Amino acid sequence: MKTYLACMGTRPEIIKMSAIHRILKERGEKIYVFHTGQHEEVAYSLYDFFNMGPDFQLQLTREIPTLSGLTAELLEGVDKTIEKVKPDVILVQGDTSSALAAALGGYYHNVPVAHIEAGLRTGQRDPFPEEKNRELIGRLARWHFPPTQQAKDNLLREGLPEKSIHQVGNTVIDSALWVHKQTVDQSTPKLLPDDVRHFMEGNRASRLLLVTAHRRENWGAPIKLIATAVGTLLKLYKDLAVVWPLHPNPSVRKDIQEAFKSLDPACRDRLCLTEPLEYPALITLLSKCFFTLTDSGGIQEEASALSRPVLILREETERQELVKAGGALLVGTDIRSIVEHASVLLNHERTYKAMQIPVCPFGDGKSASRIADILTNQL
Ligand code: UDP
């Protein structure tokens, strides 16, 4: 039996790591969870839901507003946890500052690092600092687990040894399918918060559009454009209902709420601006929506596992696979572009059906067991 230390701090990391945590536990391995505290509000209900601790947690002071200050605090926290746990391997996921700090901590302590969801690249400065974080983790890790061939090719191009790279799919698909299976038999109303439940009951006959936008690059003017485009769609399509779980950042919320101020009451009745959803509620709504408008990476992947078309609110994506497979379109944040592309989906059944791709390019729900096989064999 080996000792694993899984380090994470944000919502997507917890969701994507949960599948590996579950498999390793089932196999009787010792796995500790270290929560770095990067996300607080949404983290603990996820840990509860996935029954994964955390065993250790960092109380970030949050008084230091700089990225360097955050990284220094994270590194110090990781360092202490490694000393306590003395793991055989450190698991990190994706590209957050928590993942970078944990990989660096592992390197300093000579503990091998396994990088899950390795190899995603835009080749640009954005997303900042995530693009550099994932590149740096690539230099530090012993095992690289890219989800797709494209991600694997990115790592090979950067000169990483082929034997350290294992293309396994994305564990987000394991989590989405697992949650979908757990919740599909439960009655939907029980899973949804009251406001969303009432809204769904009042708009039973409508087609549902699920909107999320959280990326820093979309804060300010772009988010107002997105909201204006959603308002236009509500005016144009009387059978459309929109659920939009708002990002917790107060200025993002204010921008969105202001953009909808002049929306006429008949349209306002078909718009539900709500708090961030619990993961089972998010997956339930995603599985029921007509399509989704999002800048989230995780939601693009989950939507493809549930055969929901995606319009991506970004200029570029590190998840080109879904665009290439025909399940998503990059529409940016221009009002006309969003309205035109959404209208095609709403008006043209053939185009809509073609975007419901049958095979998910990100994985088959078995990524975590592949990772566990490789690690347990090689350790
Ligand atoms: N998510 C959630 N509730 C919400 C919005 C998102 O549970 O209200 C989940 C979503 O299903 C996905 C993850 O959070 O698994 C994505 O996180 P986010 O969009 O913050 O980050 P990204 O995937 O872009 O890194």
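Details of the structure are given in the entry above.
Just so we're clear, the structure is a prediction, and the values are computed from it rather than from any experiment.

K.L.:
Can you help me understand the packing of helix H1 (residues 11-26) against helix H18 (residues 367-378) in this one?
P.N.:
For any two helices packed against each other, one specifies the crossing angle of their axes together with the interaxial distance. Contact geometry for H1 and H18: axes closest at 9 Å, N-to-C directions at 55°. By the criterion of interaxial angle, the relationship of H1 to H18 is oblique. Viewed along their axes, H1 and H18 form a crossing whose handedness is right-handed. Contacts between H1 and H18 pair Ala19, Ile20, Ile23 and Leu24 from the former with Ala368, Ser369, Ile371 and Ala372 from the latter. Its residues assigned to classes, the contact of H1 with H18 shows 7 nonpolar, 1 polar and no charged.

K.L.:
Looking at this model, I keep getting lost on the pairing of strand S10 (residues 291-294). Mind explaining?
P.N.:
A regular strand places its side chains on the two faces of the sheet in alternate fashion. Side chains Phe291 and Leu293 project from S10 onto one buried face, and the interleaved Thr292 and Thr294 project onto a second face that is buried too. Across 4 bridges, strand S7 (residues 207-212) lies against S10 in parallel orientation. Looking across to S10, one finds that Leu210 is bridged to Thr292. As judged from the 3 bridges shared by S10 and strand S11 (residues 310-312), these two strands associate in the parallel manner. Paired with Thr294 across the bridge in S11 is Ile312. For the crossover that starts at S10, traverses helix H14 (residues 297-305) and ends in the parallel S11, the hand is right-handed.

K.L.:
Just to check I follow, could you spell out the pattern of salt bridges for this structure?
P.N.:
When charged atoms on two side chains of opposite charge get close, those side chains can pair. Within the structure shown, the criterion is met by 22 salt bridges. Note that Glu318 is salt-bridged to Arg319, the shortest N-O span being 3.8 Å. Taking the relative accessible area as the measure of exposure, Arg319 reaches 7% and is therefore buried.

K.L.:
Please clarify how the packing of aromatic side chains should be interpreted in this entry.
P.N.:
Note on aromatic pairs: each is described by the distance of the centres and the angle between the planes. Under the criterion given, the structure shown has 10 aromatic pairs. For the pair Tyr107 and Tyr108, a centre-to-centre distance of 6.1 Å together with 50° between the ring planes defines the contact as tilted. Looking at Tyr108, the relative accessible area reads 52%, which means it is exposed. Residues Phe290 and Tyr352 carry aromatic rings whose centres are separated by 4.0 Å and whose planes lie at 0° to one another, so their mutual orientation is stacked. Taken together, the positions of Phe290 in the loop between helix H13 (279-288) and S10 and Tyr352 in helix H17 (residues 349-355) put the pair 62 residues apart, joining distant regions of the chain.

K.L.:
When you look at unusual backbone geometry in this model, what are you seeing that I'm missing?
P.N.:
Apart from glycine, the bulk of residues carry a negative phi angle, and the bulk of peptide bonds sit in the trans form. Along the chain, Gly53 connects to Pro54 via a cis peptide bond; the corresponding omega equals 0°. Mapping Pro54 onto the fold places it in the loop between helix H2 (43-50) and strand S3 (56-57). The omega torsion across Asp126 and Pro127 is 0°, close enough to zero to call that bond cis. Mapped onto the elements of the fold, Pro127 is located in the loop between strand S5 (113-116) and helix H5 (130-140). Positive phi outside glycine occurs at Asn51, with the angle close to 55°. Here Asn51 shows up in the loop between H2 and S3. Despite not being glycine, Ser307 shows a phi value in the positive range, around 55°. With respect to the helices and strands, the residue Ser307 is situated in the loop between H14 and S11.

How each quantity is defined
- Residues numbered from 1 in each chain as written.
- Predicted model: local features only at pLDDT ≥ 70, side-chain atom pairs only at ≥ 80, totals over all residues.
- Heavy atoms only, no water.
- Axes fitted to C-alpha atoms, helices over the stretch in contact; angles between N-to-C directions.
- Helix = DSSP H or I, 4+ residues; strand = E, 2+ residues; numbered from the N terminus.
- Parallel < 35°, antiparallel > 145°, perpendicular 65-115°, else oblique.
- Left-handed = near helix turned anticlockwise from the far one by under 90°.
- Contact = heavy atoms within 4.5 Å.
- Nonpolar A, V, L, I, M, F, W, Y, C, P; charged D, E, K, R; others polar.
- Buried < 20%, exposed > 50% of the residue type's maximum accessible area, 1.4 Å probe, protein only.
- Pairing = 2+ DSSP bridges.
- Right-handed = clockwise from strand over helix to strand, strands pointing away.
- Salt bridge = Lys/Arg side-chain N within 4 Å of Asp/Glu carboxyl O.
- Phe/Tyr/Trp six-rings, centres within 6.5 Å; stacked < 30°, edge-to-face > 60°.

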